[in-house]
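Chain residues, written in single-letter form:
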Amino acid sequence: METLFTPSNVKKLKAVKKELTRFMMTYQFALDELSTKIDILQQEFHYIHDYNPIEHVKSRIKTPESILKKVHRKGIDLTLPAIRDTIHDIAGIRITCSFISDIYELSYMLENQKDIQVVERKDYIMNPKPNGYQSLHLILEIPVFMSDRVLDVYVEVQIRTIAMDFWASLEHKIYYKYNHEAPPAILQELKEAAETAGRLDEKMERLHKEINKAKETENDTHFIMNHEKLHLPEEFLATYINSAR
Ligand code: 0O2
């Protein structure tokens, strides 16, 4: 194969690199915007429900190699507009929640933001995949404000519990270890493990609700601000309670 790096190509290569960088940057900006939104929701949720619904958030941009593989798999043209329109998971965020109800509450809050467009919603919790995989998948379109224009960018959001995440990462390893064809006995065990994880999630949710009920009668003089627990002085509370009589 002829080398691309001939002196006459240097200029063209630079231009291509610039265009590709600009293309990929928009996904990074979309991820940054969505991460801020998630952080705000997390803090507000903490304030309302008095616990942190999000265990962790991980985001990633698909590598150019991985995008190219998907282009071939989907049989689309190798052009930026075709890639933008067809591959919706170039930017991805995975949110791990404590409980199943948190997944739905968080997705509801995200889906209802005015500047967010829900392009696709796949509920693999209500309808797990045949192998047992569970997660809530959203494809969101969010506006990114550049210096001279507004771009609508797709971001894939996967929301799941810790148990679902644990299962998915093990399944992913097994899938690759056996080169996509694991023995039937292992697949059966994996499916059973997914069902066990589902039951664990339900049990944890029940326990969590019990604890919340008990908490309702507690007198707590703390509140959370900017991830920090702050104390409300009694004098402040007394003045406020007395003036509200
Ligand atoms: P990666 O490296 O995680 O990004 P698509 O090709 O994305 O348009 P699909 O398969 O209909 O089509 O999308 P779906 O069902 O929403 O799944 C997309 C992503 O969900 C996958 O991305 C995985 O991250 C995850 N996922 C889906 N099914 C499974 C599963 O059975 N096991 C595990 N461990 N993860 C799953 P990619 O592109 O496969 O890979």
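Note that the coordinates shown come from a computational prediction; the quantities given were computed from them, not determined experimentally. (Residues numbered from 1 in each chain as written. Predicted model: local features only at pLDDT ≥ 70, side-chain atom pairs only at ≥ 80, totals over all residues. Heavy atoms only, no water.)

Re the site of the ligand
Around the ligand sit 18 residues, and of these Lys122, Tyr124, Asn131, His137 and Glu171 come closest. Here an oxygen atom of the ligand and a side-chain polar atom of Arg60 are 3.0 Å apart. Within the side chain of Glu171, an N or O atom sits 2.8 Å from a nitrogen atom of the ligand. Out of a free accessible area of 750 Å², the ligand has 67% covered by protein chains. Looking at the shell around the ligand, its residues break down into three nonpolar, four polar and 11 charged. (Near = heavy atom within 4 Å. Polar contact = N/O pair within 3.5 Å; in protein donor to acceptor, adjacent residues only side chain to side chain. Areas by Shrake-Rupley, 256 points an atom, 1.4 Å probe, with all protein chains shown as cover. Nonpolar A, V, L, I, M, F, W, Y, C, P; charged D, E, K, R; others polar.)

Remarks on the sheet that holds strand β4 (residues 136–145)
Strands sit in the order β1-β2-β5-β4-β3 across an open sheet of five strands; the sheet is mixed. In the strand order of this sheet, the two ends are held by β1 (54–61) and β3 (117–123), each with one partner. Across the sheet, the mean angle from the axis of one strand to that of its neighbour is 20°, orientation sign disregarded. Looking at chain direction, β1 and strand β2 (residues 91–97) are connected through seven bridges and run antiparallel. Counted as the bridge partner of Val57 is Ile95 from β2. (Pairing = 2+ DSSP bridges. Helix = DSSP H or I, 4+ residues; strand = E, 2+ residues; numbered from the N terminus. Axes fitted to C-alpha atoms, helices over the stretch in contact; angles between N-to-C directions.)

Side note on the nonpolar core
The biggest cluster of nonpolar side chains holds 36 residues, and the ones touching the most others in it are Leu34, Ile83, Ile90, Ile95, Val155, Val157 and Ile159. Elements with a contribution of two residues or more to this core: α1 (10–49), α2 (64–74), β2, α4 (100–111), β4 and β5 (150–161). Beyond its immediate sequence surroundings of up to four residues, Ile83 is in contact with Phe23, Ile67, Val71, Ile76, Asp77, Leu78 and Ile90. (Core = buried A, V, L, I, M, F, W, Y, C linked by side-chain atoms within 4.5 Å. Buried < 20%, exposed > 50% of the residue type's maximum accessible area, 1.4 Å probe, protein only. Contact = heavy atoms within 4.5 Å.)

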